[in-house]
Structures are given as structure tokens and as C-alpha cells.
Amino acid sequence: MIAHSLKGPGRTGKPSAALRKYGTAGLVSLQSRMAYPAAFAGSLLTYGLFVFVFSRIWAALYSGRAEIAGYDRTMMVWYFIVAEIPAFGFGRFYYSLAEDMKSGQVAYLLTRPYGFTAYHFSQALGPALADCLVLALEGILLGLLLGGPFPLTTLTQGAALVLSLLLAGCLQFFLQFAIAMTAFWIEENAAFFWIYQKLALIAGTFLPLEFLPGAASAAARWTPFPYLSWAPARIAVAWDSREALLLLAAQAAWTAAAALLCRAVFAAGRGKITANGG
Amino acid sequence: MNRPRTGRPAAYLRFLAAAFTANLQAVVEYRISFLIQVFGMMLNNAAFAAFWAVLIARTGSVGGYGFTDVMVIWALTSTSFGIAHVLWGNVRSLGSIIQRGELDVYLLQPKDPFVNVLASRTIVSAWGDLAYGYLVLAFLPGTGPERLALFTLLALGGAVIFAAVFSAAESLTFFLGNAGPLSQAVTEFLISFSLYPETIFDSGMRWIFYTILPSGFIAFVPLAVYRSLDWPLVPVLLGVAAVYAGGAYGLFRAGLRRYESGNQMGTRL
Amino acid sequence: MPVITVENLSKTFRTRVRSEGLGASLRALIRPEWRTVQAVREVSFSVEEGEVVAFLGPNGAGKSTTIKMLTGILTPDSGGARVLGLEPSRDRTRLAMGIGAVFGQKSQLWFHLPPSDSFRLLGAIYEIPAPELARRRAELVERFGIGPYMDVPVRKLSLGERIRCEIAASLLHAPRVLFLDEPTIGLDVVVKREIRALLADLRAREGVTIFLTSHDIGDIEKICKRAIIIHHGAVVVDESMKTLKHRALARKYIGVKYAAPADLELPGLAPVKRTEDAASFVVDTRKHNLQEVIRALVDRGEVLDLTVEDEPLEDIIAEVFRGRSEEEARGAARAGGEAES
């Protein structure tokens, strides 16, 4: 371990060792999440209620209409079910990250042989994946009851959807982490997160991007927000292999950009810690 | 002991006024977090307003509700919820107060413990919910002094109903030991149902809105009253609110007889 | 005239038995297991106006349950209590006007507001006319020395500062009986002494009857004239502090330290603890002459330090409990092991 720490955070030796280290960190926090199955109940209830209420809205909306902006009622029910999974499962990283930032955990973690971002990433993603899995099972059940048959039929399509959801989770993490790290400069940064969260809701979570007025929809495509929920939901309900590839590529690109942003913010902020005398 | 004055209405009003003053001071004490929370709440509500604006722009109405209608039920629900938590900030902490035996302090004082415990706290962010309803009205067409007065009365009735349902769910702690999850579910359902058009729900389940989850008396009937300035229905709604309040009070009193003041001795044996 | 009378007061709690594990939780949902705990059994005593009474006992002995029945928080199962001529469970609000209470860590002050605001609120709760409230407030602020804290939010006060405000707040409506449940818990020695002085002063000035539970022997020795000891829900001792302490006076704790190692063999008296140059003894004055013992110790070498102390009250109470348990054990054996609870 000493050898590792001499190399400094984020520059561990072999990739396999790194994988084991962060894998373990993720697994431990996953286990601590599983120890309290009742903790799932709250988000299951809220998610289920949301899906139910919105399925009723769509029913009312589509009475006397077959389609709006290229979506029919069944597509809308499934769209909402898929779009809300990353919003619920990956949407609240900020709170625990911000807590770490404020509680002085940062300085403590810097003494460990961990990559700062990688460590938080594994900590956050482990339990979130468990949440998403449970939500997805509930969502599929509700979708079959309220909407209709599951829209995807082939294994490739299913794999693309899972990949898209995972990318959405990574993108959510890096963007929220960048916001949480603004605590280096501004302590009360919750307002930034709220704005981010609401923009994500409007740009593709509540409604498909296609529903937005033309200009707003076009502008939104140049922001990362549609790639948090719209991309996986679109892949799920309106399969088109060419579009799916483009969406996945865009998600990957935004995720890489967001990861770089995190690095930059951390590098700038870390200097700030030293300047303040730790 | 030479002041046998307890229980007079004037004394109660003086007490409630003092509690309210203390509540206002709490807002001043936490003004920064108050402003931040109000901002966050407004953002949240604005996101939903945008959702409805987009949706209704596409179809003209949803379940017979136009944009204004949806905004009025948002305003009613938000302000009612806000008033309930501003005036009776402990409505959703009652269960844990009972469980931790903290009711003792209120039982030691010469005022009704139900009123006393509920009025002894304010939720700072609830001022934002309260204000939001009026903000919405300010942007809607047709808002005048008469509608504002009517809205305020309707929201007061709604606040009493919110408080009654929440506190009743929390009072179940007397009987169940821990009513937390149940109360949380009731809270979430009541708020959610009060924020969406009644007509999107099947007629088979609408009876719920006039019984255990009274969104009908918080949002749907008040919307109709507000739309058509139907003043004669206002006393009826306030009467319904009083019935809910009476039920919640009765449940609390019944539970109080089982109060064990946090004497959980034996539970871990 | 007694201000508190208690006759055969009993209270039983029925609690759910919870076991660990999901399976057990599910079983409990269908067929809950209950067990009853008799918290207070057949307790009787009375307290005269102006008395200061200590109510002692180990954890779970029924102290708090008794005090809660006396203040109307809990309803007794059987037996009766009267405080200021009222039945607490029936006339709770009327009784509240005449009693004050400070309950452990359950604060009556608003956490986020300065005490001055809580005092105003309590004025409204106890329906104290404004001029009277102002006069009483000024008097208490002066006596309790809480002027500097009156405008600081309670959450920013230290525990000692808070408890002083807490007691002052409970006296706003000039109660005739003051109930204190563990008032000095968690406080440092200096603050404890201050609180005791305030309570003694309160008794002297206003003739307030004080009924106090505590673990802290210091509280009781310093301010109480009478002690009631309760164990397993029943009164085991009810006598004046003087009588209780008299038993203690029979035994003295002696500590001695010499400049150099000394011979510490005394005829018939073995040290309870010793090192080369120091020792401590417990001397039963009914068997040994205290003066002779001390003289003998002084003769053994150059004494650096010598202390003589009464037996701590904790030990006395422990002894009472021990005697009681032995009796109970004998009684139980006679009755063929009649099950408790």
C-alpha cells in the first residue's frame, strides 16, 4: 500500500489492481445498501406512483388521438418508465457527494491511495445499480400492466438499452460530481444542482424531446441533458439501429467530456485546498 | 393556582398568536436557508408548469383541464400545503414525537396537547409553498381581489384537511408503534393526487378523493368553486374541513390513552 | 398538609417483543408476542408542602413512570395520586397551572429561538398577564444569572446555560410543586453546584415543594431532606436523609499516604487497598475506635496525606438493594419460584 501512495492518487500500478480496488469499494457500498431492503421501499413507491399517474395523463391525452409528435400512448407509457429509471436511480448522487465535500472527507481521502474521482465513482455507482435494477423490474411489471408489451424484441436491442442506461448513469455521475466540487469555491451550491436537475426533467425526462417546441428541442440537443434520459428511452420505444448507434456515440462523447470536466475542476479545486492550508 | 383561566378561547388565541410569532422569528433566524429553499421549490414547481405548458400547447387540454385549471390546482395544493406546515409544523413529525416520548413536554403544559404540539414548530420552506400559489395567481388571467379572497379561504380549508390527514396518519403511531412508512405513503399519495386533473383517474377510484385521500376537497371542488366564484359552497367546504379536523382530533385523543411516554423498557429484552 | 399523596399506585406496560430477523418480524406481524412489565407496584407515600424529596433508584426502577403519573402524563392502572388536591390524570390542564417540571433532556425551550421568545410563548401558554410575566421574568433572570443568554438561540447555548434557562422557564408561572427528573445529568461539577444552590435558594424563598429524581448522589445529599428509594417498582426505603446517612456514619473510609514505605499491619483491620507507601481502610466504628485507628496509622511513619470520608451514598443504596434482593430471593425460594413479570 505504501508503494501505491507514493505514486500519488490516481496513478496506481496495474489496471487489474485498480479494478480490484475500486470494484471492492463499489461492492462494499453495494452491500451496505442491500443490508436495508426497506430503504428501497421509498423510491419504489414514489416511482410506481409516478408511473401510474403519468400513464393516466397519457390515457387522457390520447383520448381521440392516435399519435402526438411521433409517439403513441403505449410508447409514451414505456418512454416514461425508461426515462425515469436514470432520473430516480442515478439522480441523487449530488447529495452524498456534497456531504463528503462539506464534511472535510476530501482532505482525508487525499491521503489514501485512491483516485479521488474513481473512488467516488465506484462508491456511488455500486448501490445505484442495485436501485436501478429493482426500479427496472418494477417498471417492466407496471409497463406490462399499464402500457402493453415490452417494445424491444432482440438481444442486441436489449444490450443497447442497458448500455445506454449505464452511459446515462456515468454521465449523471460526472456532471453531478462536477457540480458538487464547486463547493471548493461556493459552499452553498445546492441551487446549481437543482437547476441542473430541473433542466434534465424538462429536456427529455417528463416528455420526449420531440414534444418541445421546435427551437427549444433543437437547442436542447446541443446540451448533455437529453443524454441522461431521452437517449435510453428513445432507444427503448422507437428502435432504429442507426439512430441508436448515434445516440450511444453522443452519450459516450458527453460522458468523456464530463469526466474531463471533473478532472479539470478537481485539479483547480485541489490547488485551492493547499492554498487554504488543507 | 389562583388563575383558573385555562381553556378560554381568548387565551387560546393569544397562545396561537404567540406560537405564530415564534414561527415568524424562526424564518428570520434561518433567512439564508429559507431563501435557498424557496428558490429550489419555485424551480421545481416551474419545471412542472413547463411540462404542462408543453403538453397543453400540443392538445389544448388534458382531461378537460386547460393550462389555467392545472395551474389553479397547483396553486391551491401548494398554498394549502404551505399554510398547514407554516401554522402546524409538527403535522408530519407527530409520529416520531409520540414514539420518542416527547409528548411529555406538551402534556405538562396547560393547553390542549394536540393543538400545542402541532403549533409548536414551523417548516421554514413551507413559506415558499405558501407564496408559490399566490405567485401563480399573479400570472394567471382573471385574478382580482375577489378571487384572491376566495382563494385564501379555499386554501385555509385545504390546509386544515392536509393537517388533519397527515396528523391522523401520524397518530396511528399510538396504535401501531411505528406508522412512519404508512404516513409517508399517505403524504406522497395525497400530494400527488392533488396536483393532477381529477378526470385522468378512472371514476372507479375517484371515491378515494372524497374519503381517505381527500384531494377532492383540497383541489378539485375548490377549483370549480374558484372558477365560477361559487361562494355558497365555501362554508360547505370549510364544514368538511372541520369534520376532517374533528376526526383527526378524536383519533389523537383515543391514542393518547395508550401513550406510554417513551417507556420502551422491555422492548429489547 | 400534604401536597402530594400517593396510594397503592401501580402501572403496567404492555410491550411487544421484537426479535431479530425478517422471519421473526413477519411472524410478529401475524401473531405479535406481548410481554408485560410492572413498572410501578403499589407505591404509597406523601409529601408535605415545602419538602424537598429525593426519589432514587437504579435505571428502570420506576422513577420516571411515577413522576409521569404525578404530572398527569401517564394514567395509573390502579391506586391513586393527588397533587395539590387534584387527580393528575383527570385534571391535567388545571394541575399544569400549579406545577413546574424539568424533564431530563426533553426541552420546553424552542431550539432555534432565544429563551426570551420561549418565555413569551410560555407566558401565553400559562396565561400569565403581561405585567406579571415581565416582573417574574426579570426576577428569574436575575436570580438564575441568565441575562446574557436570553437573546442567544438555545441551540448555541452550552448544556449548563440551557438547563439554567430550562429551570427558570419552568418557574415562570410560580408553581407550588417542582418536579425534576435528572436535572443535572451530563453537567460538569461547577454547574451542578450552581444548580443545587439555585434549587436550595428556590425552596428557601418561595417554599416550593421539590420532588427530584437523580442518579447523582451529590444532588440528593446537598439539597434533599428526605429520600424515597424505589427498586423493581416498589418503595424499599422512605426515611429522612439524616437517618439514611446515619447508617453510613457507622463506616468511615480512611486513606493514608506516607513519605516512605511503612508497615501497615494493624491488628484486626486489613487494608482494602495498599501499596508500599499508601493504603485505604474501611473502618466500622462499631468495632473499632476511629481515634485509635488514626493514631496507630500516624505512628507508622511520616504521613504525607490522610483523609477520612463518610461512606458514599451510592454504596449505602447498593447495600439496601443487595439486602432487598437477598430477601426477595429467599421469599421467592419459599414461594416456590413464583415467576415475575
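Preceding block: the structure.
One structure accompanies this document, and this report is about it. Because the structure is a prediction, the values reported are computed rather than measured. (Residues numbered from 1 in each chain as written. Chains lettered and ligands numbered in written order. Predicted model: local features only at pLDDT ≥ 70, side-chain atom pairs only at ≥ 80, totals over all residues. Heavy atoms only, no water.)

**Regarding the pairing of strand β12 (residues 278–284) of chain C**
All names here are of chain C.
Move 1: A large share of β12 lies buried, amounting to 5 of its 7 residues.
Move 2: As paired elements, strand β10 (residues 251–258) and β12 share 7 bridges and run antiparallel to each other. Within β12, the residue paired with I254 across the bridge is F281.
Move 3: Once strand β11 (residues 273–274) ends, the chain turns through 3 residues before running back antiparallel as β12. (Buried < 20%, exposed > 50% of the residue type's maximum accessible area, 1.4 Å probe, protein only. Helix = DSSP H or I, 4+ residues; strand = E, 2+ residues; numbered from the N terminus. Pairing = 2+ DSSP bridges.)

**Structural notes on unusual backbone geometry**
Residues and elements named next belong to chain C.
Move 1: You will see that E127, though not glycine, has its phi angle at about 55°, which is positive.
Move 2: In this structure, E127 sits in the loop between α4 (115–125) and α5 (130–144).
Move 3: With a relative accessible area of 6%, E127 lands in the buried category.
Move 4: A positive phi angle is found at A174, which is not glycine, with a value near 50°.

**Re the interface of chain B and chain C**
Move 1: Each side of the interface is counted separately: chain B has 40 residues, and chain C has 47 residues.
Move 2: Across the chain B to chain C interface the summed buried area is about 4000 Å²; carbon plus sulfur atoms make up 57%.
Move 3: Counting across the interface, chain B meets chain C through 2 salt bridges.
Move 4: Between K68 of chain C and D104 of chain B there is a salt bridge, with its nearest N and O atoms 3.6 Å apart.
Move 5: Mapped onto the side of chain B that touches chain C, the elements with two or more residues apiece are α1 (9–29), α5 (103–107) and α6 (113–119) of chain B.
Move 6: Counting residues per element, the side of chain B that touches chain C draws most heavily on α1 of chain B, which supplies 10 residues.
Move 7: Considering only residue class, the side of chain B that touches chain C consists of 19 nonpolar, 12 polar and 9 charged. (Contact = heavy atoms within 4.5 Å. Buried area = accessible area lost by both parts, 1.4 Å probe. Salt bridge = Lys/Arg side-chain N within 4 Å of Asp/Glu carboxyl O. Nonpolar A, V, L, I, M, F, W, Y, C, P; charged D, E, K, R; others polar.)

**Quick word on the sheet that holds strand β6 (residues 177–181) of chain C**
Residues and elements named next belong to chain C.
Move 1: Taken together, the 6 strands give an open sheet; going across it, the order is β5-β6-β7-β3-β8-β9, and neighbouring strands pair in mixed fashion. The two strands at the open ends of the sheet, each matched to only one other strand, are β5 (99–103) and β9 (234–240). The average undirected angle you get between the axes of adjacent strands in this sheet is 15°.
Move 2: Across 4 bridges, strand β3 (residues 52–56) lies against strand β8 (residues 226–231) in parallel orientation. Considered in β8, the bridge of F55 is made with I228. (Axes fitted to C-alpha atoms, helices over the stretch in contact; angles between N-to-C directions.)

**A look at the interface of chain B and chain A**
Move 1: With 27 residues of chain B at the contact, the number on the chain A side is 27 residues.
Move 2: Counting each side, the surface lost to burial between chain B and chain A is near 2500 Å², with a carbon and sulfur contribution of 80%.
Move 3: Interface area lost by chain B to chain A is led by F51, R58 and I200 of chain B, which between them contribute 21%.
Move 4: For the pair chain B and chain A, the interface holds 1 salt bridge.
Move 5: Measuring nitrogen to oxygen at the nearest pair gives 2.8 Å for the salt bridge that ties R56 of chain A to D202 of chain B.
Move 6: Contributing elements (two or more residues each) for the side of chain B that touches chain A: α2 (31–59) and α10 (180–194) of chain B.
Move 7: Of the residues belonging to the side of chain B that touches chain A, the class tally is 18 nonpolar, 6 polar and 3 charged.

**Section: the side chain of S194 of chain B**
All names here are of chain B.
Move 1: When you line up the elements, S194 lands in helix α10.
Move 2: S194 sits in the buried class, given a relative accessible area of 0%.
Move 3: A distance of 2.9 Å separates polar atoms of two side chains, one belonging to S194 and the other to S215.
Move 4: Ignoring any residue separated from it by four or fewer positions in sequence, one finds S194 in contact with I73, T77, S215, I218 and A219. (Polar contact = N/O pair within 3.5 Å; in protein donor to acceptor, adjacent residues only side chain to side chain.)

**Topic: the pattern of salt bridges**
Move 1: A complete count under the given rule lists 24 salt bridges over all chains for this structure.
Move 2: A salt bridge links E243 of chain A to R234 of chain A, with the shortest nitrogen-to-oxygen separation between them at 2.9 Å.
Move 3: K11 of chain C is the salt-bridge partner of D77 of chain C, the closest N and O atoms lying 4.0 Å from each other. Of the two residues, D77 of chain C is situated in the loop between α2 (63–70) and β4 (78–83) and K11 of chain C in strand β1 (residues 2–16); the sequence distance between them amounts to 66 residues.
Move 4: Since its relative accessible area comes to 46%, D77 of chain C is described here as partly exposed.
Move 5: By relative accessible area, K11 of chain C is classed as buried at 10%.
Move 6: Within the structure, one salt-bridge network assembled from shared partners comprises R135, R136, E139, R143, D201, R205 and E206 of chain C.

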